[in-house]
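Fold and contact review
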Amino acid sequence: MSLIRQFRRALPSALVLVGALLSAPLAAKVAPGDIVAPIADYKIWVGQETQALLAKTQGIVAAIKAGELDKAKALYAPARMHYERIEPIAELFSDLDKSIDVRADDFEKKEADPAFSGFHRLEYGLFAKNSTEGLAPVADKLVADIEALQGRIKSLTVPPEKVVGGAAALIEEVAKTKISGEEDRYSRTDLWDFQANVEGARKIHDLLRPLTTQESPKLVQRIDANFAKVGKLLEKYAAPGGGFVSYDKVSKKDRNAMRGPVNALAEDLSKLRGTLGLN
């Protein structure tokens, strides 16, 4: 039999084999056991952040009940940072996430709606109304919600794909709500949240670094470079005494300039799940 005839007879079977390979799901690039340690370390870190969130929020409650307006204002942004860092996990509990972090836009009566609660309700009272009056029940509920969140996180089996995907989600949130200035509209502490989102994303990236480096060292280098660029943007607006300047002081030109580096970072972080075989 000629080589050409042999090739023609074998071709249909070869095509079937190729088709089967292409249609089959790709094997995970990282063995399931390899992801256990970084996810366990992440859960420990989230637990620590939740404890700090609770302690600092209790400080806000005490200041509100004592009528110490300036102190309550000063504690607001540092407390919220702990929540912003752990949002990939906090958002798994949609009822608590809504109660803790809802904005007035989600209610028919906006700020006047009795159901408006959580951090942004306190923010509205402290910064827009410039008063602690009537905020004690709101503050107490926020503490109770955070305690409930803490309890649920302790018993949670953390989904690896949620953690890995959470790095990009945090930076996408920066692009969506922090740069626009809609997140902390009363206090103008958006840059604090911006920084917290970046820190939360970096924590995930750092924990996964050994695995990601094994699969794609160039991706790790790009992510590190983009984190550095975003970090320099934030440094520009650091306040002398710590924290950040009011977002009102960030020009429209500078806000627009933030979008490129932030979007580039989000795009590279979005590749982590595929790189680690967690799509």
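Residues numbered from 1 in each chain as written. Predicted model: local features only at pLDDT ≥ 70, side-chain atom pairs only at ≥ 80, totals over all residues. Heavy atoms only, no water.

1. Some points on the pattern of salt bridges
The line we're drawing: For this analysis, a salt bridge means a side-chain nitrogen from Lys or Arg found within 4 Å of a carboxyl oxygen belonging to Asp or Glu.
For the coordinates displayed, the defined rule picks out 22 salt bridges. In this structure, a network of salt bridges that share partners links the residues R80, E84, D101, R103, E173, K178, E182, E183, D184 and D193.

2. Here's the deal with the packing of helix α2 (residues 32–65) against helix α6 (residues 118–128)
Formally: Each axis is a line fitted through C-alpha atoms, taken for helices only over the stretch in contact, and angles between the N-to-C directions span 0 to 180 degrees. Only DSSP runs of H or I reaching four residues or more are called helices, and only runs of E reaching two or more are called strands; each is numbered from the N terminus. By convention the crossing between two helices is left-handed if the near helix lies anticlockwise of the far one by an angle smaller than a right angle, and right-handed if it lies clockwise. The contact definition used throughout considers only heavy atoms, calling two residues in contact when any of these lie within 4.5 Å. Each residue gets one of three labels, nonpolar for Ala, Val, Leu, Ile, Met, Phe, Trp, Tyr, Cys and Pro, charged for Asp, Glu, Lys and Arg, and polar for the others, Gly among them.
At a minimum axis separation of 13 Å, α2 and α6 run at an interaxial angle of 35 degrees. Seen along the crossing, α2 lies across α6 with a hand that is left-handed. On α6, the residues that touch L53, T57, I60 and I64 of α2 are F119, L122 and L126. Among the residues making up the contact of α2 with α6, the classes are represented as six nonpolar, one polar and no charged.

3. Digging into helix α10 (residues 217–235)
Our working rule: To estimate the expected span of a helix, count its residues, drop one, and scale the result by 1.5 Å. To sort residues, take the accessible area from a 1.4 Å probe on protein chains only and compare it with the maximum for the residue type: under 20% means buried, over 50% means exposed, and anything in between is partly exposed. Arc, as used here, means the arc of the directions from the helix axis to the C-beta atoms.
Under the 1.5 Å per step criterion, the end-to-end length of α10 is 27 Å for 19 residues, consistent within 8% with the ideal 27 Å. Within the span of α10, buried status applies to L219, V220, I223, N226, F227, V230 and L234. Here the buried residues of α10 occupy an arc of 130 degrees about the axis, which is enough to place them on one side. Turned more than 90 degrees off the buried face of α10, the exposed positions are K218, Q221, K232 and E235. Buried-residue contacts for α10 involve α9 (190–215), α11 (252–269) and α12 (272–275).

4. As for α2
Taking 1.5 Å of rise per residue, 34 residues should cover 50 Å, and α2 covers 49 Å from first to last C-alpha, within 8% of that figure. Looking one or two places after α2, you find G67, whose phi comes out positive at around 70 degrees.

5. Considering the nonpolar core
To keep things clear, this is the line we draw: The definition of a nonpolar core used throughout is a set of buried Ala, Val, Leu, Ile, Met, Phe, Trp, Tyr and Cys residues joined through side-chain atoms within 4.5 Å.
Within the largest apolar cluster, 74 residues are counted, with the highest numbers of intra-cluster contacts made by F119, L191, F194 and L269. Top element by residues in this core is α2. It accounts for 11 residues. Setting aside residues up to four positions removed in sequence, F119 forms contacts with L53, T57, I60, Y76, A79, R80, Y83, I100 and L142. Within the second largest apolar cluster, six residues are counted, among which are V102, F107, F116 and Y124.

6. Re the side chain of D113
What counts here: For the purpose of counting charges, residues Lys and Arg are taken to be positive, whereas Asp and Glu are taken to be negative. His and the chain ends are not included.
Mapping D113 onto the fold places it in the loop between α5 (94–101) and α6. K109 provides the closest opposite charge to the buried, unpaired D113, separated from it by 6.3 Å. Contacts of D113, omitting those with residues within four sequence positions, involve F107 and E108.

7. Focus: the packing of α9 against α10
Convention followed: Throughout this description, any angle smaller than 35 degrees is read as roughly parallel, any larger than 145 degrees as roughly antiparallel, any in the 65 to 115 degree range as roughly perpendicular, and the remainder as oblique.
One can describe the packing of α9 onto α10 by two numbers: an axis separation of 10 Å at closest approach and a directional angle of 165 degrees. The angle between α9 and α10 falls in the class roughly antiparallel. Taken as a pair, α9 and α10 cross one another with a handedness that is left-handed. Contacts from L191, F194, Q195, V198, A201, R202, H205, R209, T212, T213 and E215 of α9 reach α10 at P217, L219, V220, I223, D224, F227, V230 and L234.

8. Observations concerning the confidence of the model for the protein chain
Rules: How sure the predictor is of each residue is captured by pLDDT, a score from 0 to 100.
In the predicted model, the protein chain carries a mean pLDDT of 89, and the fraction of residues at 70 or more is 90%. Confidence drops under pLDDT 50 across residues 1–28; counting only partners more than four residues distant or on other chains, this segment forms three contacts.

9. Structural notes on unusual backbone geometry
The backbone of K110 sits at a positive phi, close to 55 degrees, despite the residue not being glycine. As for its placement among the helices and strands, K110 is situated in the loop between α5 and α6. With a phi angle near 55 degrees, N130 is a residue other than glycine that sits in the positive phi range. Locating N130 in the fold gives a position in the loop between α6 and α7 (136–154). Judged by relative accessible area, which is 43%, N130 ranks as partly exposed.

10. Re the environment of A62
As for its position among the elements, A62 is in helix α2. Taking the relative accessible area as the measure of exposure, A62 reaches 46% and is therefore partly exposed. Between the alpha carbons of A62 and A136 there is a distance of 8.9 Å; along the sequence they are 74 residues apart.

11. With respect to the packing of aromatic side chains
The criterion, for reference: Only Phe, Tyr and Trp rings take part, Trp by its six-membered ring, and two of them pair if their centres are within 6.5 Å. Stacked means planes under 30 degrees apart, edge-to-face means over 60, and tilted covers everything else.
If you walk through the whole model with that rule in mind, you get six aromatic pairs. Look at W192 and F244: their rings are 6.2 Å apart centre to centre, the planes differ by 80 degrees, and that puts the pair in the edge-to-face class. In this pair, W192 is assigned in helix α9 and F244 in the loop between α10 and α11, connecting sequence segments 52 residues apart. Of the two residues, W192 and F244, neither departs from the other in class, the shared state being buried. Three or more aromatic residues joined by ring pairs make a cluster, and in this case those are Y76, F119 and F127.

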